[in-house]
Amino acid sequence: MNRNGTLAVFGAGNIGRSFVGQLFAHAGWNVAFIDVDPVLVAELNRRKSYPVVIKRRGRVDEVLQVSGVRAVDGRDREAVAALLAEADLAATCVGKAALPKILPALAAGLLERKRRARGCGHGPESCADSGDMAPESRAGVRSVPPLDIILAENDREAPETLLRGLTSLLPEGFPIGERLGIVETSIGKMVPLMRAEDMAVDRLCVFAEEYNTLILDKKGFLGPVPEVEGLLPVDCIMAYVDRKLFIHNLGHAAAAYFGYLADPAETMLARALALPGVRDSAEAAMTEAAAALSAEYPQALSPEGLSLHIADLLSRFANEALGDTVHRVGRDLPRKLGRSDRIVGAALFCQKRGLPWRGIARVFAAALRFRSPGENGELFLPDSAFARLLEEKGLDAVFRDVCGLDPADSGDRAVMEGFSG
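Residues numbered from 1 in each chain as written. Predicted model: local features only at pLDDT ≥ 70, side-chain atom pairs only at ≥ 80, totals over all residues. Heavy atoms only, no water.

1. Here's the deal with the overall build of the chain
Step number 1: Of regular secondary structure, the chain possesses 19 helices and eleven strands.
Step number 2: Its C-alpha atoms give the chain a radius of gyration of 23 Å, near enough to 22 Å, the size a compact globule of 421 residues would have.
Step number 3: Within the chain, the proportion of its 421 residues that are buried is 53%.
Step number 4: Long-range pairs, those at least 24 residues apart, make up 72% of the contacts in the chain with a sequence separation of at least 6.
Step number 5: Within the structure as shown, the chain displays about 18600 Å² of accessible surface, and the carbon and sulfur contribution to it stands at 50%.
Step number 6: The averaged location of the 56 negative side-chain charges in the chain is 2 Å from the averaged location of its 50 positive side-chain charges. (Helix = DSSP H or I, 4+ residues; strand = E, 2+ residues; numbered from the N terminus. Rg over C-alpha atoms; globule rule 2.2 N^0.38 Å. Buried < 20%, exposed > 50% of the residue type's maximum accessible area, 1.4 Å probe, protein only. Contact = heavy atoms within 4.5 Å. Areas by Shrake-Rupley, 256 points an atom, 1.4 Å probe, with all protein chains shown as cover. Lys, Arg positive; Asp, Glu negative; His and termini not counted. Charge placed at Lys NZ, Arg CZ, Asp CG, Glu CD.)

2. What to know about the sheet that holds strand E3 (residues 49–54)
Step number 1: What the three strands build is an open sheet, ordered E4-E3-E9; its pairing is mixed. Each end of this open sheet is capped by a strand with a single partner; those strands are strand E4 (62–67) and strand E9 (206–208). Averaged over all pairs of adjacent strands, the angle between their axes in this sheet comes to 30°, without regard to strand direction.
Step number 2: Here E3 runs beside E4; their pairing, made up of six bridges, is antiparallel. Directly across from Tyr-50, in E4, lies its bridge partner Val-66.
Step number 3: Here helix H1 (residues 14–26) sits on the sheet and contacts E3, E4 and E9; the angle it forms with E4, its principal contact strand, is near 70°. (Pairing = 2+ DSSP bridges. Axes fitted to C-alpha atoms, helices over the stretch in contact; angles between N-to-C directions.)

3. Details of the environment of Leu-337
Step number 1: You can see Leu-337 is positioned in the loop between helix H14 (333–336) and helix H15 (344–352).
Step number 2: On the basis of relative accessibility, which here comes to 0%, the residue Leu-337 falls in the buried class.
Step number 3: When the C-alpha positions of Leu-337 and Val-398 are compared, they lie 9.0 Å apart, and in sequence the two are 61 residues distant.
Step number 4: Setting aside residues no more than four positions away along its own chain, Leu-337 makes contact with Ile-343, Val-344, Phe-364, Ala-367, Leu-368, Phe-386, Val-402 and Cys-403.

4. Thoughts on the side chain of Asp-332
Step number 1: Structurally, Asp-332 is set in the loop between helix H13 (326–330) and H14.
Step number 2: With sequence-adjacent residues up to four places away left out, Asp-332 is seen in contact with Phe-380, Pro-382 and Asp-383.

5. A short note on the packing of aromatic side chains
Step number 1: Applying the stated criterion to the full structure yields nine aromatic pairs.
Step number 2: With 5.6 Å between their ring centres and 80° between their planes, Trp-357 and Phe-419 make a pair best called edge-to-face. Taken together, the residues Trp-357 in the loop between H15 and helix H16 (358–368) and Phe-419 in helix H19 (residues 410–420) connect sequence positions 62 residues apart.
Step number 3: With a relative accessible area of 9%, Trp-357 lands in the buried category.
Step number 4: Judged by centre distance (5.9 Å) and plane angle (25°), the rings of Phe-364 and Phe-399 are stacked. You can see Phe-364 sitting in helix H16 and its partner Phe-399 sitting in helix H18 (residues 395–401), a full 35 residues away along the chain.
Step number 5: Its relative accessible area of 0% is what places Phe-364 among the buried residues.
Step number 6: Look at Phe-399 and you get buried, because its relative accessible area is 1%.
Step number 7: Three or more aromatic residues link up through ring pairs in this structure, and these residues are Trp-357, Phe-364, Phe-399 and Phe-419. (Phe/Tyr/Trp six-rings, centres within 6.5 Å; stacked < 30°, edge-to-face > 60°.)

6. Some thoughts on the pairing of strand E10 (residues 214–217)
Step number 1: Along E10, one buried face is formed by Leu-214 and Leu-216 and the opposite face, lined by Ile-215 and Asp-217, is buried too.
Step number 2: Judged from the three bridges that link them, strand E8 (residues 180–187) and E10 form a sheet pairing that is antiparallel. From the neighbouring strand, Thr-185 faces E10, where its bridge partner is Leu-216.
Step number 3: Both E10 and strand E11 (residues 231–234) contribute to a ladder of four bridges, which runs parallel. By the bridge assignment, Leu-214 is partnered in E11 with Leu-231.

7. Remarks on the sheet that holds E10
Hydrogen bonds between backbone atoms are what pair the strands of a sheet, whose relative direction is either parallel or antiparallel.
Step number 1: Pairing is mixed across the open sheet formed by eight strands, whose spatial order is E5-E2-E1-E6-E7-E8-E10-E11. Sheet topology places strand E5 (69–73) and E11 at the edges, where each strand pairs with a single neighbour. Strand-to-strand twist of the sheet, defined as the mean angle between neighbouring strand axes without regard to direction, takes the value 25°.
Step number 2: Summarising the sheet, strand E7 (residues 147–151) and E8 pair through five bridges and their orientation is parallel. By the bridge assignment for E8, Leu-147 is matched with Leu-180.
Step number 3: Packed onto the sheet, H1 meets strand E1 (6–10), strand E2 (30–35), strand E6 (89–92), E7, E8, E10 and E11 and runs at close to 160° relative to E2.
Step number 4: Of the strands in this sheet, E1, E6, E7 and E8 are in contact with helix H4 (residues 99–115), which crosses E7 at around 165°.

The structure is reproduced here in structure tokens:
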């Protein structure tokens, strides 16, 4: 892998700029962002660089300048396809809702990449329609380099979304498995939302914590794994995806919910974590989930390693310099109480392994009472709807309509009973 290759990044938001783009740019890669925000695209192309402000507890901020970057307007399908045809690697940092929207451009890029393959003596229609034929089977036609794409989404369903969408968009018989390497990740970097006044100072500036390790699936690459400092290729990516969801996300939300109960007037997460009982309650839930994780993935996740990971996370949650709020971390109850998400998912994970989850049940109970307002003094809209559902139709409706739990299933029923206690 050329250390000075080109990385095409869908999404020039917080994770795209402060994490993925920053890692590769500092390793000497040319980073090209793909975004639909015309102001952001114009500024990146004008300045070719942007600052990342590292927020550390009790220390002066450090500003990292990320240079050698450019941007392409995501609405320009031809420009995006041309970029993907030339790129050595791609990445997505767009979020679950936006991922399906980039698939037409990605499909066009795969077709253009095939058409432009060196030594291909066929026209674009010929190349697109002959995807089921091995390139090396044709005399004088060189192998088409595959494109590996890093899914920096923290979404278990992202690979399936990608494959299902591309299959519907590409010509029948196009060998996606040979042309596209899908690399799952576990994103542990915390990047709080920036205030409007912060962005007004510099549209390209982004805040981030010091943590800078990108865990990714070693087996997902079709080409060589990039030699980039900060990348951690692992053999069992699902162990780390579940660790992120059931320890990091669970603990973060628990700190917000217990913090709100301890003092509804406290808006800052770091200070809420210092309130009596908050840290201990969050840690108890995280430790229960850790026991289930080490039982499920004994080769990848040891009890000792998970214990150190929990201590590190709690320290990072307490980083007041990040400016994270109780409202931001705890909001969106309908999503965070979903069946496969951090709380209900963790309880089901423990239940299926016959392990205790009383601390996780306490997180659920605290979440039901979470009513932290935003800066405008109002609840997040989905949380207002959740509160009405709970008040008007009761806990059974929450179990059914939000948590997706089925009382006819013995495991689900056990979790419902534990949450009701």
